[in-house]
Amino acid sequence: MKKQLVIIGGGPAGMAAAVAVRDHGIEDILILERAAHPGGILRQCIHSGFGLHKFKEELTGPEYAWKYEQMIAERGIELMTGTMVIGLTQEKVVTAVNPALGVFTVEAQAVILAMGCRERPRGALNIPGTRPAGILTAGTAQKFVNIDGYLPGKRVVILGSGDIGLIMARRMTLEGAKVEMVCELLPYSGGLARNIEQCLNDFGIPLLLSHTVTEIHGDRNLQTVTVSQVNTNRKPIPGTERLVECDTLLLSVGLIPENELTAMAGLTLESTTGGTAVDERRETAIPGIFACGNVLHVHDLVDFVSDEAELAGHGAAAYIQGKARKGRPLIVAAGTGVRYTVPRHVIERSKPVKIYFRVTDVFRDASVVVRDSRAVLFSQKKSRLAPGEMESVTLAPELLKRASGDILTVMLEVQNA
């Protein structure tokens, strides 16, 4: 089988990319999705708050996904669900398997990686104690409650203040459970400020910063957990232990991009994001292979996922159509106070480029600065920046063309530091 474009993943990133490619004149598109239905994680996100940026209306997760499903259908884009991709080569040969075709291959002119991410499991945390029932990731609990109609427990402790954990604190409360607390190892929350307000403060659920679960107790079922305060080195402080009764421990301790196929193709993964390096149109180091969405770096808003997927779609369409790009790559580096940047390099300087980044800590009254080897090219004041909220700056063509050298650095300058 041959296709002009294969998109791996039928979530919001994959569908948005497919729509963008089709609208740029490419018709021979195949989306491969391992689940029985497209939409990805949005299908179980029944809360509102999606689409405010993209569609200018407040939607639930399923409503947001349905809009893209309709766009896919209207454009006649081929979607193959229940299909697991098990191989990808540098030559853009995709190997997949499903019940109807068995194992099959697709030779693609271009590939877009849109596999999303997965939750970090308990095994990655090394929490001592027994192994009773009642310990779940927040996303698994969300699926049980919102799709399967099961309530995992009645007394809940949540470890980690990522957005899924915060949302599940509210959801479990609304379903009649008692959320005892949300514990966060870091001195700041990893979730959006609006979720802290709407999901915790509105329901009187305490958020314990610089706290973690240090032991799990229970025979067949979870009975209690030990919660301890941690020091600046994230080590438990002796004497701060407290025993908390609960029958459920939900883990919201980070998301990991699903990049096994990316590595299989020979692309290097970055330790900061878990994704691979891309340019401004989301093309990887292998020409014709693009990446977007949470497989590239974890986003906090699905609207931004769609925006990024459209960039990948535009890039893939241009690649298929043979539109060459000229220019010396301009590396985008993370400087003081910045954890990472996406994209990592810029090739075309004739169009505006939006640089996404995350900061390393909570900063107040800081300036986001972009500079080359000689001078500051861009500066913007911010009253507050936090790791849980992705930031961005848009660099105009005249700024990009004015840059001297081969490196742009995105950094923070803290006032009164």
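Calculation criteria
- Residues numbered from 1 in each chain as written.
- Predicted model: local features only at pLDDT ≥ 70, side-chain atom pairs only at ≥ 80, totals over all residues.
- Heavy atoms only, no water.
- Helix = DSSP H or I, 4+ residues; strand = E, 2+ residues; numbered from the N terminus.
- Rg over C-alpha atoms; globule rule 2.2 N^0.38 Å.
- Buried < 20%, exposed > 50% of the residue type's maximum accessible area, 1.4 Å probe, protein only.
- Contact = heavy atoms within 4.5 Å.
- Areas by Shrake-Rupley, 256 points an atom, 1.4 Å probe, with all protein chains shown as cover.
- Lys, Arg positive; Asp, Glu negative; His and termini not counted.
- Charge placed at Lys NZ, Arg CZ, Asp CG, Glu CD.
- Patch = residues over 30% accessible without salt bridge, like charges linked within 9 Å, V, L, I, M, F, W, Y side chains within 5 Å.
- Salt bridge = Lys/Arg side-chain N within 4 Å of Asp/Glu carboxyl O.
- Pairing = 2+ DSSP bridges.
- Axes fitted to C-alpha atoms, helices over the stretch in contact; angles between N-to-C directions.
- 1 Å grid on protein atoms, 1.4 Å probe; cavity = no way out; pocket = protein on both sides within 12 Å on 5 of 7 lines; lining within 4 Å.
- Points joined across faces, edges and corners; volume = space filled by probe spheres on them.
- Nonpolar A, V, L, I, M, F, W, Y, C, P; charged D, E, K, R; others polar.
- Expected span 1.5 Å × (residues − 1).
- Disulfide = S-S within 2.5 Å.
- Phe/Tyr/Trp six-rings, centres within 6.5 Å; stacked < 30°, edge-to-face > 60°.
- Lys NZ or Arg CZ within 6 Å of the ring centre and 35° of its normal.

K.L.:
Let's hear about the overall build of the protein chain: which residues, and what values?
P.N.:
In terms of regular secondary structure, the protein chain is built from eight helices and 27 strands. For 417 residues, the compact-globule formula gives about 22 Å, and the C-alpha radius of gyration of the protein chain, at 22 Å, lands near that figure. C-alpha extents for the protein chain along the principal axes are approximately 65 × 60 × 40 Å. Across the 417 residues that make up the protein chain, the buried fraction comes to 53%. Intrachain contacts of the protein chain at a sequence separation of at least 6 include 62% that bridge at least 24 residues. When the accessible surface of the protein chain is totalled, it reaches about 18500 Å², and 50% of it is carbon and sulfur. Across the protein chain, the 45 positively charged side chains and the 45 negatively charged ones have centroids separated by 4 Å.

K.L.:
Any chance you could break down a nonpolar patch on the surface for me, citing the residues and the numbers?
P.N.:
Where nonpolar side chains cluster on the molecular surface, the patch consists of Met84, Ile86 and Val103 and spans about 270 Å² of accessible area. According to the relative accessible area criterion, Met84 is partly exposed, its value standing at 37%.

K.L.:
Mind laying out the sheet that holds strand β21 (residues 338–342), listing which residues take part and the relevant values?
P.N.:
With antiparallel pairing, three strands are arranged side by side in an open sheet as β21-β23-β26. At either margin of the open sheet sits one strand with a lone partner, and together these are β21 and β26 (391–395). With direction set aside, neighbouring strand axes in the sheet form an average angle of 25 degrees. In this structure, β21 lies alongside strand β23 (residues 353–359), joined through four bridges in antiparallel fashion. Paired with Val342 across the bridge in β23 is Tyr356.

K.L.:
Describe in detail empty space enclosed by the protein, supporting the description with residues and values.
P.N.:
Per the stated rule, a full pass over the model turns up one cavity of 30 Å³ or more. Estimated volume of the largest cavity: approximately 40 Å³. Lining the largest cavity are Glu270, Thr273, Thr276, Ala277, Val278, Leu296, His297, Thr341, Val342 and Arg344. Broken down by class, the residue content of the lining of the largest cavity amounts to four nonpolar, four polar and two charged.

K.L.:
Residue-level account of the layout of surface pockets, with values.
P.N.:
A volume near 520 Å³ is recorded for the second largest pocket. For the second largest pocket, the lining is made up of 20 residues, of which Glu280, Arg281, Leu311, His314 and Lys351 are closest to its centre. Counting residues per element, the ones that place at least two in the lining of the second largest pocket are α7 (302–320) and β23. For the lining of the second largest pocket, the element with the highest residue contribution is α7, accounting for six residues. Considering only residue class, the lining of the second largest pocket consists of seven nonpolar, three polar and 10 charged.

K.L.:
Give a description of the pattern of salt bridges that names residues and reports values.
P.N.:
With the rule as written, the count across this model stands at 24 salt bridges. Salt-bridge contacts for Glu180 lead to Arg155; the nearest nitrogen and oxygen are separated by 3.0 Å. Here Glu180, found in strand β12 (residues 178–184), pairs with Arg155, found in strand β11 (residues 155–159); they are 25 residues apart in sequence, far enough to count as distant. Judged by relative accessible area, which is 17%, Glu180 ranks as buried. Members of the salt-bridge network, linked through shared partners, are Asp279, Glu280, Arg281, Glu283 and Arg325.

K.L.:
Would you mind going over the pairing of strand β27 (residues 407–414) in detail, with residue names and values included?
P.N.:
The pairing of strand β20 (residues 330–334) with β27 spans four bridges and is parallel. Across the sheet, Ile331 pairs through a bridge with Ile407, a residue of β27. Where strand β24 (residues 363–371) lies against β27, six bridges are found, and the strand directions are antiparallel. Note on β27: the bridge partner recorded for Val369 is Met411.

K.L.:
Please set out helix α1 (residues 12–23) residue by residue, giving values where relevant.
P.N.:
Since the α-helix advances by 3.6 residues per turn, residues separated by three or four positions end up pointing in the same direction. Over its 12 residues, α1 extends 17 Å from the first C-alpha to the last, a length consistent with the 16 Å expected when each residue adds 1.5 Å. Counting buried positions along α1 gives 10 out of 12 residues, so the element sits mostly inside the fold. Every buried residue belonging to α1 is among Pro12, Ala13, Gly14, Met15, Ala16, Ala17, Ala18, Val19, Ala20 and Val21, and all of these are buried. Residues of α1 that are buried make contact with β1 (2–8), β2 (29–32), α2 (61–74), β8 (102–113) and α7. Once α1 ends, the next one or two residues include Gly25, with phi positive near 95 degrees.

K.L.:
Outline the state of the cysteines, supporting the account with residue identities and numerical values.
P.N.:
Per the counting criterion, the structure on display carries zero disulfides. The thiol of Cys199 is unpaired, and the distance to the nearest cysteine sulfur, on Cys45, comes to 12 Å. No disulfide involves Cys292; its sulfur sits 13 Å from that of Cys117, the nearest cysteine. Cys292 gets classed as buried once you look at its relative accessible area, which sits at 0%.

K.L.:
Tell me what's going on with the packing of aromatic side chains, and back it up with residues and numbers.
P.N.:
Given two aromatic rings, one states the distance between the centres and the angle between the planes to describe the pair. Taken as a whole and judged by the stated rule, the model has five aromatic pairs. Taking 5.8 Å as the distance between ring centres and 45 degrees as the angle between the ring planes, the aromatic pair formed by Tyr64 and Tyr68 counts as tilted. With Tyr64 and Tyr68 both in helix α2, this residue pair falls four residues apart, about one helical turn. Each member of the pair, Tyr64 together with Tyr68, is buried. One aromatic cluster in this structure is built from Phe55, Tyr64 and Tyr68. The ring centre of Phe55 lies 5.3 Å from the NZ or CZ of Lys67, which sits over that ring.

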